[in-house]
Amino acid sequence: LQFHWVEMERVVRIEGRVEKTSAEESDDYFHSRPLDSRLGAWASPQSQVISSRAVLVANAAKAAARHGLNPDRPPHWGGYRLVPDRFEFWQGR
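On a predicted model such as this, the values are computed, not experimentally measured, just so you know.

## Notes on the overall build of the protein
Okay, so step 1: When helices and strands are tallied, the protein shows three helices and three strands.
Okay, so step 2: N-terminal to C-terminal, the α/β element order of the protein is β-β-α-α-α-β.
Okay, so step 3: Here the C-alpha radius of gyration of the protein, 18 Å, is well above what a compact globule of 93 residues would show, namely 12 Å.
Okay, so step 4: A buried classification covers 18% of the 93 residues belonging to the protein.
Okay, so step 5: Restricting the contact set of the protein to residue pairs at least 6 apart, pairs at least 24 apart contribute 79%.
Okay, so step 6: Accessible area of the protein: about 7,300 Å², with a carbon and sulfur share of 54%.
Okay, so step 7: Between the mean site of the 13 positive side-chain charges and the mean site of the 12 negative ones, the protein shows a separation of 5 Å.

Given below as structure tokens:
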């Protein structure tokens, strides 16, 4: 994982093992997000092209009608964690 700030001539690089978060952790984080974000997880066809923003808005309205105010986490939604082994901090002159 690398963060690069060109104007500041700074880089932070992190190496390590990546692991999938548990279903419980993913549920906890999902339910901490704003309602629109949770509905958006159901509305957005991830990694697919949509023809317009109107499609996304219509999908969000359908998701709201179907899931109400407390949508469950979609089965495809989860997280990953970087367990760092090494940090590098770089600075320009």
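Next comes the rest of the account.
## Focus on the packing of helix α2 (residues 35-43) against helix α3 (residues 53-67)
Okay, so step 1: Contact pair α2 / α3: the axes reach a minimum separation of 8 Å and the direction vectors enclose 110°. Here α3 runs roughly perpendicular to α2, going by the angle between their axes. Contacts between α2 and α3 pair Leu 39, Trp 42 and Ala 43 from the former with Leu 56, Asn 59, Ala 60, Ala 63, Ala 64 and His 67 from the latter.
Okay, so step 2: When grouped by side-chain class, the residues that make up the contact of α2 with α3 number seven nonpolar, two polar and no charged.

Criteria and cut-off values
Residues numbered from 1 in each chain as written. Predicted model: local features only at pLDDT ≥ 70, side-chain atom pairs only at ≥ 80, totals over all residues. Heavy atoms only, no water. Helix = DSSP H or I, 4+ residues; strand = E, 2+ residues; numbered from the N terminus. Rg over C-alpha atoms; globule rule 2.2 N^0.38 Å. Buried < 20%, exposed > 50% of the residue type's maximum accessible area, 1.4 Å probe, protein only. Contact = heavy atoms within 4.5 Å. Areas by Shrake-Rupley, 256 points an atom, 1.4 Å probe, with all protein chains shown as cover. Lys, Arg positive; Asp, Glu negative; His and termini not counted. Charge placed at Lys NZ, Arg CZ, Asp CG, Glu CD. Axes fitted to C-alpha atoms, helices over the stretch in contact; angles between N-to-C directions. Parallel < 35°, antiparallel > 145°, perpendicular 65-115°, else oblique. Nonpolar A, V, L, I, M, F, W, Y, C, P; charged D, E, K, R; others polar.

Just geometry here; none of it tells us what the structure is for.
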